[in-house]
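Geometric and topological summary
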Amino acid sequence: MKAAVCREFGKPLVIEDVQLAKTGPGEVRVKVAAVAICHSDITYAEGSWGGTLPAIYGHECAGVVEEVGDGVTTVKVGEHVVVTLIRSCGHCHGCSMGNPVTCTTQFPLDAKSPLTDKDGKSIVQSMRTGGFAEKVLVHESQCVAVPTNIPFSSASLLACGVITGFGAVTNTAKVPAGSHVAVIGTGGVGLNAIQGAHVSGARSVIAIDIADNKIEAAKGFGATHGINSKTENVADRVLEITDGRGADYVFVTVGVKSAFDSSYGMLGKGGSVVLVGMPASGVMSEIDPGTMAAYSQNILGSKMGSARIQVDIPNLVDLYGQGRVKLDELVTKTYPIEEINEAIDAVKRGEALRNVIVF
């Protein structure tokens, strides 16, 4: 099987002969048609979150079910599916409380990677997917069937970027209509937070970035205002836009310390900062707890948009079909697996919303 394996942190990914284990009970083998490149993949591959090598990264996948193990009931051979990193048992405390992204169950795939090199040595299945490969072996809870009329490149984005940004708004924060919303960062996740706020009926949706072209692009996804944090005083502009109230919700969709630090200053009374972006390990941000307590403000963490993929992905598919959520417009460029390094470099340079590897 052709795959992109990272053998050293910070080194280029290379194509190698990789072996995939047999399909076990409750597991699904998917022939990958498209896998998007997320900043999380890059952060892991560069060693910012540690980890063990060699590893195959990639976790925003779409493809065709090739084989199912005993007991699989949610998907069938031949179906088009989105493959996510959310592996859940359905009965632990987190799952029972309706938050499967916090599932604590250990699966056989967690204990032993299904990936090995041609000599039989283990390769880490990063982020429970290992999607930079022609095929993946995952638990059935990670898969959701989607219509065949959605392009694989667009469908792949539903696995992470879309559900993470959109879900942070609709699931984690549950933003009500009439709210003032600010979104820091207008990359793939940020644009989907903007889409979520727009669909939720926010009164204002403020896109904050350091690039004017990205701010302008955000208006095509539902932003009502844009602020360039390099050239404008963000807190003052947010107060101006919100009639002196401050934002009801501030979504930090980038893993940058300055973004976290600045978010609290633009928050109104009773407002919430929602932490979505993932910084490198060890990055810290300070708050003024007295002010937050006095103003009844909140800090919410949002992993994968608090998604319930069997509910959220079909809903997003319907919104896409109705023209209310954009997916195709998020795909900047597609690449073959052999050009994965070029695709990653373009993302690192800020030239892409989502670059997608297609097979």
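Just so it is clear, the structure is predicted and the values come from calculations on it, not from any experiment.

1. Here's the deal with the side chain of Asp117
Within the fold, Asp117 resides in strand β7 (residues 115–117). Lacking a salt bridge, the buried Asp117 has Arg7 as its closest oppositely charged neighbour, with an N-O distance of 4.0 Å. Residues in contact with Asp117, not counting those within four places in the same chain, are Arg7, Asp17, Gln19 and Ile123.

2. With respect to the sheet that holds strand β1 (residues 2–5)
Read across the sheet, five strands follow the order β1-β2-β7-β8-β4 without closing on themselves; strand pairing throughout is mixed. With partners counted over all chains shown, the strands left at the sheet margins are β1 and β4 (55–56), one partner each. Across three bridges, the pairing between strand β2 (residues 14–20) and β7 is antiparallel. Looking at the pairing, Leu20 lines up with Leu115 of β7.

3. What about unusual backbone geometry?
The omega torsion of the bond from Leu53 to Pro54 falls at 0°, within 30 degrees of zero and hence cis. Tracing the backbone shows Pro54 in the loop between α1 (39–45) and β4. Positioned with a positive phi, Met304 is a non-glycine residue whose angle comes to about 50°. In this structure, Met304 sits in the loop between β16 (298–301) and α11 (309–321).

4. A word on the packing of helix α5 (residues 161–173) against α11
Where α5 meets α11, the axes come as close as 11 Å, and the angle between the chain directions of the two elements is 100°. Comparing their axes, α11 and α5 come out roughly perpendicular. Note on element contacts: α11 touches α5 through Ile309, Asp312, Ile313, Leu316 and Leu319, opposite Val162, Ile163, Phe166 and Asn171. Its residues assigned to classes, the contact of α5 with α11 comprises seven nonpolar, one polar and one charged.

5. As for the environment of Thr186
Take Thr186: it is sitting in the loop between β11 (180–184) and α6 (188–199). With relative accessibility at 1%, the residue Thr186 sits in the buried group. Separated by 92 residues in the primary sequence, Thr186 and Gly94 have C-alpha atoms spaced 30 Å apart. Each residue touching Thr186, except ones within four places of it in the same chain, is listed here: Leu191, Ile194, Ala207, Ile208, Asp209, Lys214, Ile215, Ala218 and Leu353. Within polar-contact distance, the side chain of Thr186 engages the side chain of Asp209 at 2.7 Å.

6. Examining the side chain of Ser272
Inspection of the secondary structure puts Ser272 in strand β15 (residues 267–275). Under the relative-accessibility criterion, Ser272 is labelled buried at 7%. For Ser272, the residues in contact, after removing those within four places along its chain, are Asp248, Tyr249, Val250, Leu267, Asn298 and Leu300.

7. Focus: α5
For α5, spanning 13 residues, the distance from its first C-alpha to its last is 17 Å, which sits close to the expected 18 Å at 1.5 Å a residue. Roughly 55° is the biggest bend found in α5, and it falls at Gly167. Of all 13 residues that make up α5, twelve are buried, and the element is covered over most of its length. Residue Lys174 follows α5 closely and has a positive phi angle near 50°.

8. Things to note about the packing of aromatic side chains
Enumeration according to the criterion identifies three aromatic pairs in this entry. Ring plane angle 85° and centroid distance 4.8 Å describe the contact between Tyr44 and Trp49, whose orientation is recorded as edge-to-face. Note on Tyr44: relative accessible area 25%, which makes it partly exposed. Judged by relative accessible area, which is 18%, Trp49 ranks as buried. A ring pair is formed by Tyr44 and Tyr57, whose centres lie 6.2 Å apart and whose planes are at 25°; its orientation type is stacked. Of this pair, Tyr44 sits in helix α1 while Tyr57 sits in the loop between β4 and β5 (60–68), and the two are 13 residues apart along the sequence. Linked through ring pairs, Tyr44, Trp49 and Tyr57 together constitute an aromatic cluster. Lying over the aromatic face of Phe221, Lys326 brings its terminal NZ or CZ to 5.4 Å of the ring centre.

9. Structural notes on the pattern of salt bridges
The tally for this structure, following the rule as stated, stands at 17 salt bridges. For Glu67, the salt bridge identified is with Arg29, shortest N-O distance 3.4 Å. With a gap of 38 residues between them, Glu67 in strand β5 and Arg29 in strand β3 (residues 27–36) connect regions that are remote in the sequence. Judged by its relative accessible area of 29%, Glu67 is partly exposed. Of the residues examined, Arg29 reaches a relative accessible area of 19% and is grouped as buried.

10. A few points about helix α8 (residues 234–241)
Taken together, the buried positions of α8 are Val234, Arg237, Val238 and Ile241. Viewed along the axis of α8, the buried residues span an arc of 100°, placing them on a single side of the element. Against the buried residues of α8 lie β11, β12 (204–209), β13 (225–228) and β14 (247–252). At the N-terminal end of α8, a side-chain oxygen is found 3.3 Å from the backbone nitrogen of Ala235, two or three residues along, and the residue is Asn233.

Procedures and definitions
- Numbering of residues starts from 1 in each chain and follows the order in which that chain's sequence is written.
- Only residues with pLDDT of at least 70 are given local features in this predicted model, and only at 80 or more are side-chain atom pairs given and counted; all residues enter the totals for whole chains, interfaces and linings.
- Calculated side-chain values reflect all of the structure's heavy atoms, with hydrogen atoms and water omitted.
- Elements are defined by DSSP. Helices are runs of H or I of four residues or more, strands are runs of E of two residues or more, and each kind is numbered from the N terminus.
- Exposed residues in this analysis have more than 50% of their type's maximum accessible area, buried residues have under 20%, and partly exposed residues fall in between, with area computed by a 1.4 Å probe over protein chains only.
- Residues scored as positive are Lys and Arg, those scored as negative are Asp and Glu, and His as well as the terminal groups of each chain are ignored.
- Here, a salt bridge means any side-chain nitrogen of Lys or Arg that lies within 4 Å of a carboxyl oxygen of Asp or Glu.
- In what follows, a contact means two residues having at least one pair of non-hydrogen atoms within 4.5 Å.
- Think of it this way: DSSP has to see at least two bridges between two strands before they count as a pair.
- Axes here refer to lines fitted to C-alpha atoms; in helices the fit is confined to the stretch in contact. Angles between the N-to-C directions go from 0 to 180 degrees.
- Angles are sorted into four bins: roughly parallel if under 35 degrees, roughly antiparallel if over 145, roughly perpendicular if 65 to 115, and oblique for all others.
- Each residue is assigned to one class: nonpolar for Ala, Val, Leu, Ile, Met, Phe, Trp, Tyr, Cys and Pro, charged for Asp, Glu, Lys and Arg, and polar for all the others, Gly among them.
- Here a polar contact means two N or O atoms within 3.5 Å. Within protein one must be a hydrogen donor candidate and the other an acceptor candidate, and residues neighboring in sequence count only if both atoms are side-chain atoms.
- In a helix, the anticipated span is given by 1.5 Å times the number of residues less one.
- We define the bend at any residue as the angle between the axes fitted to the seven residues before and including it, ending there, and the seven starting there.
- The rule is short: rings of Phe, Tyr and Trp, with Trp giving its six-membered ring, pair when the centres are within 6.5 Å, and they are stacked under 30 degrees, edge-to-face over 60, tilted in between.
- Our definition puts a charge over a ring when NZ of Lys or CZ of Arg is within 6 Å of the ring centre and also within 35 degrees of the ring normal.
- The arc in question is formed by the directions pointing from the helix axis toward the C-beta atoms.

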